[in-house]
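Chain by chain, the residues run as shown.
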Amino acid sequence: MPGRRLTTTAVLVAALATTTTGCGRDSDPEPTTPAPPPTATGGSASPSAPASPQAFRSEIKKVTARDLPHSWRRGCPVSPSGLRMIEMTYWGMDDKPHPNGRLVVNADHAEDLVKVFRRLYDDRYPIKRMEPVDVYKGSDFDSIEANNTSAFNCRQATGSSNWSQHALGTAVDINPCENPYVSSSGRVAHKDCVKFKDRSRRDPGVIHDGDKVVKAFASIGWGWGGDWSGTKDYQHFSASGR
């Protein structure tokens, strides 16, 4: 029987050799059509497109006196029920989206202001921070020192015994350091912001006459403090224009 085993082995070796030769391109008996080049897939090493920025998001919420422990008190010209908290995305000074912006405004103007800030976000206008003045215990001075964009604060207008438009929630101060309040004598109360009295500066966040920020607020009928005569309030936008 040794001869039979040898014959069987020889047949298997020959079959294996034939199969192996058939996988080699040089041994094909007839030319074949080249396979098309592979198409790119998700695992491709080709460079990917830059990620799109986070979409603008906003939500308008009711507030209570408990939400406004320092900025509201009895006797203010608007009640908490007449105010709203806008929680929204804003474009930061770090050139990144920030989803945690909070602005307390008059309820009648909340939807219009969402449109304004959506427009500013789409334009990538940079904002340093956006939080209620209650974070600063209602201190307008400390909020400005932090370069905070804010709206409602039940206080008198600067240098006046009358209510500020902020006490109604119908005014917004944007990047108050880059856009300072400049008295008619040229005084700026915040030392780190004095350099921005020079309105020819083009630093991020600086607002200029006729620019996209002024136009965004003008689109809802709000005026700009940079248009005032004498005293200038470059940070200030309001429904009344004052």
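Residues numbered from 1 in each chain as written. Predicted model: local features only at pLDDT ≥ 70, side-chain atom pairs only at ≥ 80, totals over all residues. Heavy atoms only, no water.

All right, on to the overall build of the protein then. Each helix and strand counted, the protein has 4 helices and 10 strands in total. Seen in sequence order, the protein has helices and strands lined up from the N terminus as α-β-β-β-α-β-α-β-β-β-α-β-β-β. For the protein, contacts bridging at least 24 residues in sequence account for 57% of all contacts bridging at least 6. Taken as a whole, the protein presents about 14,300 Å² of accessible surface, with 52% of it coming from carbon and sulfur. (Helix = DSSP H or I, 4+ residues; strand = E, 2+ residues; numbered from the N terminus. Contact = heavy atoms within 4.5 Å. Areas by Shrake-Rupley, 256 points an atom, 1.4 Å probe, with all protein chains shown as cover.)

Attention now goes to the packing of aromatic side chains. Following the criterion strictly, the structure yields 7 aromatic pairs and no others. A ring pair is formed by Phe-56 and Tyr-121, whose centres lie 5.7 Å apart and whose planes are at 50°; its orientation type is tilted. In this pair, Phe-56 is assigned in the loop between helix H1 (2-22) and strand S1 (58-62) and Tyr-121 in helix H2 (residues 110-122), connecting sequence segments 65 residues apart. Tyr-121 matches Phe-56 in its accessibility class, with the two residues each being buried. (Phe/Tyr/Trp six-rings, centres within 6.5 Å; stacked < 30°, edge-to-face > 60°. Buried < 20%, exposed > 50% of the residue type's maximum accessible area, 1.4 Å probe, protein only.)

Paired through backbone hydrogen bonds, the strands of a sheet run either parallel or antiparallel to each other. Strand order across the open sheet formed by 3 strands is S6-S10-S8, with antiparallel pairing between neighbours. The open sheet has two free edges, formed respectively by strand S6 (171-173) and strand S8 (223-224), since each of these has just one partner strand. Here S8 pairs with strand S10 (residues 236-238) via 2 bridges, running antiparallel. The residue bridging Gly-223 from the neighbouring strand is Ser-238, located in S10. (Pairing = 2+ DSSP bridges.)

Here H2 spans 18 Å end to end across 13 residues, near enough to the 18 Å set by a 1.5 Å rise per residue. What H2 keeps buried is the set Ala-110, Leu-113, Val-114, Val-116, Phe-117, Leu-120 and Tyr-121. Down the axis of H2, the buried set is contained in an arc of 165°. They therefore lie on one face. Exposed residues pointing more than 90 degrees away from the buried face of H2 are listed as Glu-111, Lys-115 and Asp-122. Residues of H2 that are buried sit in contact with S1, strand S2 (83-91), strand S3 (97-106), strand S4 (129-130), S6 and helix H4 (212-218). (Expected span 1.5 Å × (residues − 1). Arc of directions from axis to C-beta.)

For the rest of this paragraph, the subject is empty space enclosed by the protein. As enumerated under the stated definition, the model contains 2 cavities of 30 Å³ or more in all. Each pocket or cavity is described by its volume, and for the largest cavity that value is around 50 Å³. Contributing to the lining of the largest cavity are Leu-68, Ser-71, Arg-102, Leu-103, Val-104, Glu-131, Pro-132, Val-133, Asp-134, Ser-150, Ala-151 and Phe-152. By volume, the second largest cavity amounts to about 30 Å³. Along the walls of the second largest cavity sit Thr-89, Tyr-90, Trp-91, Phe-117, Leu-120, Tyr-121, Tyr-125 and Ile-127, which together make up its complete lining. Elements with a minimum of two residues in the lining of the second largest cavity: S2 and H2. Tallied by class, residues from the lining of the second largest cavity come to 7 nonpolar, 1 polar and no charged. (1 Å grid on protein atoms, 1.4 Å probe; cavity = no way out; pocket = protein on both sides within 12 Å on 5 of 7 lines; lining within 4 Å. Points joined across faces, edges and corners; volume = space filled by probe spheres on them. Nonpolar A, V, L, I, M, F, W, Y, C, P; charged D, E, K, R; others polar.)

On to the sheet that holds S1, then. Ordered in space as S1-S2-S3, the 3 strands form an open sheet in which the pairing is antiparallel. In this open sheet, the two edge strands, each paired with only one partner strand, are S1 and S3. Taking the axes of each pair of neighbouring strands and ignoring which way they run, one obtains an average angle of 25° across the sheet. Bridge count for S2 against S3 is 8 bridges, and the pairing is antiparallel. Within S3, the position partnered with Ile-86 by the bridge is Leu-103. (Axes fitted to C-alpha atoms, helices over the stretch in contact; angles between N-to-C directions.)

Attention shifts here to the pattern of salt bridges. For the coordinates displayed, the defined rule picks out 4 salt bridges. The residue Glu-87 makes a salt bridge to Lys-61 at a minimum N-O spacing of 3.0 Å. Taken together, the positions of Glu-87 in strand S2 and Lys-61 in strand S1 put the pair 26 residues apart, joining distant regions of the chain. Assessed through its relative accessible area of 32%, Lys-61 is described here as partly exposed. We note a salt bridge from Arg-155 to Asp-140, for which the minimum N-O separation is 3.8 Å. Of this pair, Arg-155 sits in the loop between strand S5 (148-149) and S6 while Asp-140 sits in helix H3 (residues 140-145), and the two are 15 residues apart along the sequence. Residue Asp-140 is classed as partly exposed on the basis of its relative accessible area, which comes to 21%. (Salt bridge = Lys/Arg side-chain N within 4 Å of Asp/Glu carboxyl O.)

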